Amino acid sequence: MAEKVLMKGNEAIAEAAIQAGCRHYFGYPITPQTEIAAYMAKRMPKIGGTFLQAESEIAAINMVYGVASAGKRVMTSSSSPGISLKSEGLSYLAGADLPALVVNAQRGGPGLGGIQPSQSDYFQATRGGGHGDYHMIVLAPSSVQEMAQLTIRGFELADEYRMTAMILADGTIGQMMEPVSFDFEIKEAPAKPWATTGTKMARPHNVINSLYLNAELLEKTNIERYQKYALIEEKEALAEEYMVEDADIIIAAFGIAARVSKNAVNEARASGIKAGLIRPITLWPFPKAVFAKHADHAKQIISVELSMGQMIEDVQLATQCKVPVSLCYRVGGMIPTPDQVYQAIVEANEKGGK
Amino acid sequence: MNYKRITLLAGHYGSGKTNIAVNMALELKKLHENTAIADLDIVNPYFRTLDSKNELEAAGIRLIVSPYANSSLDIPALPQDMYAIVDDESMYSIIDVGGDDRGALALGRLSRMISDENNYDMFLVINRYRPLTPDAQSVQEVLQEIEEAGRLKFTGIINNSNLGAETDAECILNSVKFAEEVSQLTGLPVVLTSVEEKFMDELSGKIDNLFPMKLQKRPVD
C-alpha cells in the first residue's frame, strides 16, 4: 500500500495493527471507535486472523491477556466508559508483564457522558488506570497518519518492554478522514521465550501470573518493574516542538487540542507574539526534559486541554513551577476554537510573566 | 442532471455520500420547488446532512432527519416523517443512505414502495482511495451486500474518488479507469464524477459529466 489512501483515524489504527502483524482483535462496540471493530471484522477472516466481539469489555481484555501470554501481537479498543471496565484487566496485564496494545478513543465523561471528543482520561491513562503500582506507555496521535504510525510504534514498544501500550486518541481523530501513507518499516516481533507456547518436553513450564504468595518476591518484582520504567522515561519520551526556541508564550497540548493550538500559534506569530507549541507525543513517559529546557525563557505556559485540567499537573511538575502555567479548556465533548486559544495567548502575553 | 423523483445515494462507509447528497439537493431545488433531503443513516452519529442545516433550510429544502442525529443519543433512529418520501408524490427527494450493507438495512422499509412507483435512481458512490474498495471486485462485493440489505437495485455509479485535503486533479484523473472498470463489471453506467468545484476548470473536457461540489464544513481544519 505505497499509494496514499483516505481513511478515518479508527480505520488507520486497525489497518496499521494488521500490518504490524496483529492477528487477534477482541472488543465490544462503543462509539466513537466502533470503526476499529468493523474494520477488523471485515479484514481478519480474510487473512487468517481472529476477530471476536466479546460479550463485554471485561471479557475482551481477558482474551487479550490470553493471546499476549501465548506471545502473539494482540489488541483491543474501546472508549472511555469501556476502558474503565477494562481497567482490572489492564492491571493484570501489568502484573504479568504482558505486551498488548489498547486503544482509547476518548469521549466526554464522567459516567456515560457523551459521544463527542474529550481528553479527560489523561489521569486514568498516564497513572495506569487500574489498581497497583504500574504504568502503561501512552501515545497521543494528532492526525490520522499518526494514528497509523503510533499504532505500529505501540506494538514495538509493548514487545520491547513487555507492557501495555495505549493509544490515547479521541472521538474527533477517530472519526476524521485524512490521507494516510502506509510506507512503514515494521520491526518483526522479538523472540518471546517467556510465552506459554507448549514446552514440547524441551524446557521448563512458563507461567504467566500476577499472583504472588510471597510478599518479598512481590516487592522485588515491583521494584524491578520500576527500574524498567525509569529506563523508558529516559529513552522513550517524545514531543514535537513547534516554534518554541524563542517563544514567550508556550502552549502545551496533545492530540486534537494540539491541532487547534497550532493554528492559534500561527495566528499569534502573524500578529507579532512569540508563541510556540510543545506537543507531547508520549504522555507517559511525559517529555519532562523538553518542558524543563524551555521553562527558563517562557513567560507563561498555557495548557490547552479537552479536560478540566489534567496534563497541566505534569507540565507544572516538569517545569518545577519555574514558570506560571495556566489552563485553556473546553469539556463535555466541546473543542476549543483556534480563536479561544489565540485570545488566551494574547492575554498571557499582556499580563503573564515572571 | 435529469433527476427522477427519488434519488438514493448508497455506498461504502466514508465514500462521500453526504457531501454529494447536500450538493444534489441544492441543485434539485432549482429544478423542483418541492424538494427534500432525507438522512436515513442509522450507522454513523457524526458528519450528517444536519451539519448543513442552515444552508439547506435557507434554500427552502425540507430536511427529513432523525431528531437524534448529531446528538449524544447514539441510537439507530429513523426520521419519523420518512414516509413522506414515498407518500408525497409531488415531492422530489435526495436520500442519503447509511454506509455499507448495515447502513442500507433501513432502506428495506421503503424499498417495495420505491420500486413499485419505479421513478427512482439509486447511485453507488465510489472512492478508489478508500482502503477497502481499491478495485472493481471489492466495489462489486459492497454493491451486492447493499442491494441485498436494502432490497433495491442500483441504477448508476457516481465516481467520488478523492484524497481529502490532498486531492488534486491528477488524483481524480487517475480514478477514471477504476470507475470504468467498476462500470464494466457491474453493468452500471458512470453517471457523474463528483469533484470539489475548484477542480472544474482543470478537469472540464477531460472527464465527462462532472458534478461540482462545495464541501461540507469540517469540525477541525
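Residues numbered from 1 in each chain as written. Chains lettered and ligands numbered in written order. Predicted model: local features only at pLDDT ≥ 70, side-chain atom pairs only at ≥ 80, totals over all residues. Heavy atoms only, no water.

Student: Residue-level account of the interface of chain B and chain A, with values.
Tutor: At the interface, 27 residues of chain B touch 28 residues of chain A. Both faces considered, chain B and chain A share a buried interface measuring about 2400 Å² in area, 55% of it formed by carbon and sulfur atoms. Across the contact surface, chain B and chain A share five salt bridges. The shortest N-O distance in the salt bridge between Glu11 of chain A and Arg130 of chain B comes to 2.5 Å. Remark: the boundary between chain B and chain A carries six residue pairs in polar contact (both at pLDDT 80 or more). Elements with a contribution of two residues or more to the side of chain B that touches chain A: helix 4 (100-104) and helix 6 (136-150) of chain B. Partitioned by chemical class, the residues of the side of chain B that touches chain A number nine nonpolar, eight polar and ten charged. (Contact = heavy atoms within 4.5 Å. Buried area = accessible area lost by both parts, 1.4 Å probe. Salt bridge = Lys/Arg side-chain N within 4 Å of Asp/Glu carboxyl O. Polar contact = N/O pair within 3.5 Å; in protein donor to acceptor, adjacent residues only side chain to side chain. Helix = DSSP H or I, 4+ residues; strand = E, 2+ residues; numbered from the N terminus. Nonpolar A, V, L, I, M, F, W, Y, C, P; charged D, E, K, R; others polar.)

Student: A description of the nonpolar core should follow, citing residues and the corresponding values.
Tutor: All names here are of chain A. The biggest cluster of nonpolar side chains holds 115 residues, and the ones touching the most others in it are Met75, Leu90, Ile137, Ile251, Ile302 and Ile345. At nine residues, the largest contribution of residues to this core is made by helix 6 (residues 144-161). Each of domain 1 (4-235) and domain 2 (240-351) gives at least three residues to this core. In contact with Ile302, other than residues within four places in its own chain, are Ile249, Ile250, Ile251, Ala252, Ser326, Cys328, Ala344, Ile345 and Ala348. (Core = buried A, V, L, I, M, F, W, Y, C linked by side-chain atoms within 4.5 Å. Buried < 20%, exposed > 50% of the residue type's maximum accessible area, 1.4 Å probe, protein only. Domains from an automatic or database assignment.)

Student: Which residues make up the packing of helix 1 (residues 9-19) of chain A against helix 6 of chain A, and what values do they have?
Tutor: How two helices sit against one another is set out by the angle between their axes and by the gap between those axes. Residues and elements named next belong to chain A. The geometry of helix 1 relative to helix 6 is characterised by a closest axis approach of 8 Å and an angle of 35° between their N-to-C directions. The hand of the helix 1/helix 6 crossing is right-handed. Listed contacts from helix 6 to Gly9, Asn10, Ala12, Ile13, Ala16 and Ala17 of helix 1 are Val144, Met147, Ala148, Thr151, Ile152 and Phe155. Residue classes in the contact of helix 1 with helix 6 are distributed as nine nonpolar, three polar and no charged. (Axes fitted to C-alpha atoms, helices over the stretch in contact; angles between N-to-C directions. Left-handed = near helix turned anticlockwise from the far one by under 90°.)

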